[in-house]
Amino acid sequence: MTPPTSPVARPAAAGDGWLVLLIGGHSGAGKSTLAAQLAQGTGAALVEADDVRMAIQRVTTPDQLPALHFFASAPGVARAGIWQRDPDELVQGLIGVAEIVSRALEPVMGHHVAAAKPAVIEGDGILPSLAAQDPPGWSLPTGVIPPGFAARAVRSVFLIEPDADVVRQRMGLGAEGDTQAAMHWRYGQWLRAEAARHGQPVVPPRPYNTLLERVLAAVAERARAAG
Amino acid sequence: VNPVSDAEWFVLLIGGPSGVGKTTIAAQVAGRLDVPWLMVDDLRLALIRSGLPIPDNPRAGAFDSEDGLVAVGEAVAPAIEVVIENHVDQRIPVVIEGDGILPSLFDRDSVRTRAANGRVRAVFMTEPDPQALHANLVKRGADGWRDDGDDLRWYARRSVRYGEWLTKEAERRGLPTVAVRPWETVVDRILTASGLA
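Residues numbered from 1 in each chain as written. Chains lettered and ligands numbered in written order. Predicted model: local features only at pLDDT ≥ 70, side-chain atom pairs only at ≥ 80, totals over all residues. Heavy atoms only, no water.

Peer 1: How would you explain the pairing of strand E1 (residues 11-15) of chain B if you had to name every residue and give the values?
Peer 2: Residues and elements named next belong to chain B. When you tally the buried positions in E1, you get five out of five residues, the bulk of the element. Side-chain alternation along E1 places Val-11, Leu-13 and Gly-15 on one buried face and Leu-12 and Ile-14 on a second face that is also buried. Two elements, E1 and strand E3 (residues 94-97), share four bridges in a ladder whose sense is parallel. Along E3, the bridge assignment pairs Ile-14 with Glu-97. Bridging between E1 and strand E4 (residues 120-126) involves five bridges; their strand directions are parallel. Residue pairing across strands places Ile-14 opposite Val-123, the latter belonging to E4. (Buried < 20%, exposed > 50% of the residue type's maximum accessible area, 1.4 Å probe, protein only. Helix = DSSP H or I, 4+ residues; strand = E, 2+ residues; numbered from the N terminus. Pairing = 2+ DSSP bridges.)

So this is what it looks like as structure tokens:
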């Protein structure tokens, strides 16, 4: 249902007061495992951006949303010759998909903030600009979110692996996999620059055994910065 | 659909009309099962933002009107279906809740196929008392419905009617229904009804 038309009373006590926690980063960085840990540890809902992407792909055609269907000509069918394309073009393709996914996530964020129901949202389709965004994209009536509330209620972390070889090993794919792994790594480096531009924290995934605590520290730091 | 208790499961759907407390229940059930949970409402919002022609004011008319709750459920069904496919195929368990979950999801080939051996399960929450639903809606603010005026009473009555319809649809397909009260035991009763106790 749609969010309430009255102002948010108080943020629910998920972690240190966030209502939406965005876990971004490239494919193969370990986002899903981390996001599930965070959601289950706090009782928050878990929104996997991949579920959202596949749902929109299922109910749209390439004619309606060409950028969303860049990689597949039909469900589960890679576009012919896609992995022979120029790496820069492939990264642009990923960015195009992420733009549509992030746009679709805006009202989802608004829903959780306005209803004070915490959610962890995870996926490579999360753009740093989404985390830095103010409520206007959230489809909420004016006044639902008090000024300054969004900066405290919404946090993000971007998991980005600096070493291209590590991404390739983690994805463990065949010959075409090398192209895909290289694309995901390059997309990660683009995300890093975008995160810096929008003032969002980047966390290196390794060492994995300390990832959760490093992410929690980065999230808490954002709360202090927001005041 | 008769879930086998020791079978592997990957999706548990929790349906029922709005106001019965599905979101709270889903979070608790997911906590007990130690898996993540997801709201159908989020899929609906994402689809609307992406330009899909989904009725955006389903509370305007009767639940079974052209742009009512059933129509919304049918419009989001392909999205729920793809999430079910994804979680079964990737073997990643999840609890999904929402009033947009229709028993007719199990009529879809891809869901029916994947639901074999209890891999996809569903329970539908029921609250036969409009007064109790109304009180619950007032308490939590009813998703944008103001105060406890006539609108909200109408909303509660319609929610009860929608619940009755969902129950019939569920029973027709052999899917379990669970009363939300007594509230203290609802999580246990859901786990039992879905064969996950």
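There is more to say, and it comes next.
Peer 1: Give a description of the pattern of salt bridges that names residues and reports values.
Peer 2: Within this structure, the stated rule accounts for 20 salt bridges over all chains. One salt bridge in this structure joins A:Arg58 and B:Glu85, with 2.7 Å as the shortest N-O distance. Of this pair, A:Arg58 sits in helix H2 (residues 49-59) while B:Glu85 sits in helix H3 (residues 69-89), which puts the two residues in different chains. Given a relative accessible area of 30%, A:Arg58 falls into the partly exposed group. According to the relative accessible area criterion, B:Glu85 is buried, its value standing at 12%. Several salt bridges share partner residues, and in doing so they unite A:Arg58, B:Glu81, B:Glu85 and B:Arg108 into one network. (Salt bridge = Lys/Arg side-chain N within 4 Å of Asp/Glu carboxyl O.)

Peer 1: I'd love a proper account of the sheet that holds E3(B), names of residues and values included.
Peer 2: Residues and elements named next belong to chain B. As summarised here, the arrangement of the five strands in space is E2-E3-E1-E4-E5, forming an open sheet in which the pairing is parallel. Because the sheet does not close on itself, it has two edges, and the strands there are strand E2 (37-39) and strand E5 (177-179). Each adjacent strand pair in this sheet contributes to an overall mean axis angle of 25°, direction not counted. The strands touched by helix H1 (residues 22-33) are E1, E2, E3 and E4; relative to E3, the strand with the most contacts, the crossing angle is about 170°. Against the sheet, helix H2 (residues 40-49) makes contact with E2 and E3, and its axis sits at roughly 45° relative to E2, the strand it touches most. (Axes fitted to C-alpha atoms, helices over the stretch in contact; angles between N-to-C directions. Contact = heavy atoms within 4.5 Å.)

Peer 1: I'd like a description of the interface of chain A and chain B, backed by residues and values.
Peer 2: In this assembly, 33 residues from chain A lie in contact with 33 residues from chain B. Taking both sides of the interface into account, the surface hidden between chain A and chain B amounts to around 2900 Å²; carbon and sulfur atoms contribute 58%. Where chain A touches chain B, the interface holds three salt bridges. The interface formed by chain A and chain B holds eleven residue pairs in polar contact (both at pLDDT 80 or more) in total. Elements with a contribution of two residues or more to the side of chain A that touches chain B: helix H1 (31-42), strand E2 (45-48), H2 and helix H3 (87-114) of chain A. (Buried area = accessible area lost by both parts, 1.4 Å probe. Polar contact = N/O pair within 3.5 Å; in protein donor to acceptor, adjacent residues only side chain to side chain.)

Peer 1: Give a detailed account of the pairing of E4(B), specifying residues and quantitative values.
Peer 2: All names here are of chain B. Most of E4 sits out of view: seven of its seven residues are buried. Covered by surrounding structure in E4 are Val-120, Ala-122, Phe-124 and Thr-126 together with Arg-121, Val-123 and Met-125, the residues of both alternating faces. Bridge analysis of E4 against E5 gives three bridges, and the strand direction is parallel. In the strand pairing of E5, Thr-126 is matched with Ala-179.

Peer 1: Break down the packing of aromatic side chains for me, with residues and values.
Peer 2: All names here are of chain A. With the rule as written, the count across this model stands at six aromatic pairs over all chains. Arranged with centres 4.8 Å apart and planes meeting at 80°, the rings of Phe-70 and Phe-71 form a pair that is edge-to-face. For the pair Phe-70 and Phe-71, one class covers both residues: buried. Centre to centre, the rings of Tyr-187 and Trp-190 are 5.9 Å apart; their planes meet at 20°, and the pair counts as stacked. Of this pair, Tyr-187 and Trp-190 both sit in helix H7 (residues 175-197), three residues apart, which is roughly one turn of that helix. By relative accessible area, Tyr-187 is classed as buried at 0%. Three or more aromatic residues joined by ring pairs make a cluster, and in this case those are Phe-70, Phe-71 and Trp-83. (Phe/Tyr/Trp six-rings, centres within 6.5 Å; stacked < 30°, edge-to-face > 60°.)

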